[in-house]
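Observations on chain architecture
Residue strings, one per chain:
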Amino acid sequence: MGYKLVIAVRSDLGMSVGKTAAQVAHAAVSAALSAAGTPQLPAWLDDGQGKIVVRVTSLEVLREKVEEARARGLRATVIADAGRTELEPGTETCAAFGPDADEALAPVTGQLPLL
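Let us look at the structure shown here. (Residues numbered from 1 in each chain as written. Predicted model: local features only at pLDDT ≥ 70, side-chain atom pairs only at ≥ 80, totals over all residues. Heavy atoms only, no water.)

1. Brief notes about the pattern of salt bridges
As enumerated under the stated definition, the model contains 5 salt bridges in all. A salt bridge links D81 to K19; the nearest nitrogen and oxygen atoms lie 2.7 Å apart. Taken together, the residues span a long stretch of sequence, with D81 in the loop between β3 (76-80) and β4 (92-101) and K19 in helix α1 (residues 17-34) at a distance of 62 residues. Residues D81 and K19 agree in their burial class; the two are buried. Between R72 and E68 there is a salt bridge; the shortest N-O distance is 3.7 Å. Put simply, K65, E68 and R72 are held in one network by salt bridges that share partners. (Salt bridge = Lys/Arg side-chain N within 4 Å of Asp/Glu carboxyl O. Helix = DSSP H or I, 4+ residues; strand = E, 2+ residues; numbered from the N terminus. Buried < 20%, exposed > 50% of the residue type's maximum accessible area, 1.4 Å probe, protein only.)

2. So, the sheet that holds β4
Strand order in the open sheet formed by 4 strands is β2-β1-β4-β3, and the pairing between neighbours is mixed. Edge strands, defined here as strands with exactly one partner in the open sheet, are β2 (50-56) and β3. For this sheet, the mean inter-axis angle between neighbouring strands, taken without regard to orientation, is 20°. Inspection of the sheet shows strand β1 (residues 3-10) paired to β4 by 6 bridges, in the antiparallel sense. For K4, the partnering residue across the bridge sits in β4 and is D100. Across the sheet, α1 touches β1, β2, β3 and β4, and the angle it forms with β4 is around 40°. Contacting β1, β2, β3 and β4, helix α3 (residues 59-71) runs over the sheet at an angle of about 25° to β4. (Pairing = 2+ DSSP bridges. Axes fitted to C-alpha atoms, helices over the stretch in contact; angles between N-to-C directions. Contact = heavy atoms within 4.5 Å.)

3. Some remarks on helix α4 (residues 102-109)
Here α4 has its buried residues at L105, V108 and T109. Relative to the axis of α4, the buried residues are bounded by an arc of 75° and lie together on one face. Elements in contact with the buried residues of α4: β1, α3 and β4. (Arc of directions from axis to C-beta.)

Written out as structure tokens, the structure is:
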């Protein structure tokens, strides 16, 4: 069984490449910290810390995926921008799912296209 972290980024915001990279980094760090003390974190770390970055087309789709993940008992960490550069404060830019087993994440994020 493999472990990974999936980060879904909103493609409708028109973020620059640098802004997108920063938001994905925020999501990865936040997800790892939220998994502290769970069996999934060391399993993910030992499995190479796989990360997959996918895209969603809107805030509505992002929120639907977060709700679906949480309903399945998965961690979903939403990142809201501070508003210091390109976006309004509080703009939800992306969400991290996991880290968790591939099989647990696939039903929620497996059909999303790569960023």
